[in-house]
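Now for the letters of each chain:
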Amino acid sequence: AVPVAENFDMPSFGPSMFISFTIALSIDYIMFLLSAYRKATHRGLSNYAAIARMMKTSGQAILISGLILSVAVAALSFVETDLVKTIGISGSVAVVVSLLCNLTLVPALLL
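Just so it is clear, the model here is predicted, and its values are computed rather than measured. (Residues numbered from 1 in each chain as written. Predicted model: local features only at pLDDT ≥ 70, side-chain atom pairs only at ≥ 80, totals over all residues. Heavy atoms only, no water.)

1. Details of helix α3 (residues 47-74)
Here is the rule: At any given residue, the bend is defined as the angle formed between two axes, one fitted to the seven residues that end at that position and one fitted to the seven that begin there. What counts as a helix is a DSSP run of H or I of at least four residues, what counts as a strand is a run of E of at least two, and both are numbered from the N terminus. Buried, partly exposed and exposed residues are distinguished by accessible area as a fraction of the type maximum, computed with a 1.4 Å probe on protein chains only: under 20%, between the cut-offs, and over 50%, respectively. Residues are treated as being in contact if the distance between any of their heavy atoms lies within 4.5 Å.
When the local axis directions of α3 are compared, the greatest deviation, roughly 35°, occurs at G59. Taken as a whole, α3 has its buried residues at A50, I51, M54, S58, G59, I62, G66, S70 and V73. Structurally, α3 contributes buried residues whose contacts are with α2 (14-42) and α4 (82-110).

Okay, structure coming up:
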């Protein structure tokens, strides 16, 4: 793995933006997942069935939207300006980290 900071000039706001992106996306994704879980449990599904339904509906939608968002933000890294390039790289990594955490940890914590 090649460290990003060795190949690009990272301004001081890079880590702050990474954390802000991750927190904002995680809150949005968690609310979406928990809403689907709550609907499934109110319909009388068991815990395991509710989690399976949540991941099949909301999890799939979150995965697709997150991947599209990651690619769209990563496209900013092709701009020649270092500032925009940094936003593209850190934003794309933030989206992927948020996806991985929410699609694995939320179902595990609900069990």
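After that view of the structure, there is still more to cover.
2. Considerations on the packing of α2 against α4
This is how it is decided: Angles run from 0 to 180 degrees between N-to-C directions of axes, and those axes are lines fitted to C-alpha atoms, restricted for helices to the stretch in contact. Note: crossing handedness is left-handed where the near helix turns anticlockwise from the far helix by less than a right angle, and right-handed where it turns clockwise. Residue type decides the class: Asp, Glu, Lys and Arg count as charged, Ala, Val, Leu, Ile, Met, Phe, Trp, Tyr, Cys and Pro as nonpolar, and the leftover types, Gly among them, as polar.
The interhelical angle for the contact between α2 and α4, taken along N-to-C directions, is 35°, at an axis separation of 8 Å. Judged by the sense of rotation from one axis to the other, the crossing of α2 with α4 is right-handed. Its residues placed into classes, the contact of α2 with α4 shows 17 nonpolar, eight polar and no charged.

3. A short note on the confidence of the model for the protein
How we decide: pLDDT gives the predictor's per-residue confidence on a scale running from 0 to 100.
This prediction gives the protein a mean pLDDT of 89; 92% of its residues lie at or above 70. Confidence, expressed as mean pLDDT per element, reaches its minimum in the protein at helix α1 (residues 4-7) with 65 and its maximum at α3 with 95.

4. Regarding the side chain of S90
Defined as follows: Polar contacts, as counted here, are pairs of nitrogen or oxygen atoms within 3.5 Å of one another; within protein the pair requires one atom able to donate a hydrogen and one able to accept it, and residues that are adjacent in sequence qualify only if both atoms are side-chain atoms.
The residue S90 is located in helix α4 in this model. Here the side chain of S90 touches T86 through a polar contact of 2.9 Å, landing on its backbone oxygen. The contact partners of S90, leaving out residues within four places of it in the chain, are G14, M17 and F18.

5. Looking at the side chain of S26
Locating S26 in the fold gives a position in helix α2. You can call S26 buried: its relative accessible area is 15%. Among the polar contacts made by the side chain of S26, one reaches the side chain of N102 at a distance of 3.2 Å. In contact with S26, not counting residues within four places along its chain, are S98 and N102.

6. Topic: the environment of G91
Along the chain, the position of G91 falls in helix α4. Note: C-alpha distance between G91 and M17 (74 residues apart in sequence) is 7.5 Å. Residue contacts for G91: discarding those within four places in its chain leaves M17, F21, V73 and T86.

7. Thoughts on the environment of D82
With respect to the secondary-structure elements, D82 resides in helix α4. Measuring from C-alpha to C-alpha, the distance between D82 and L33 comes to 36 Å, with 49 residues separating the pair along the chain.

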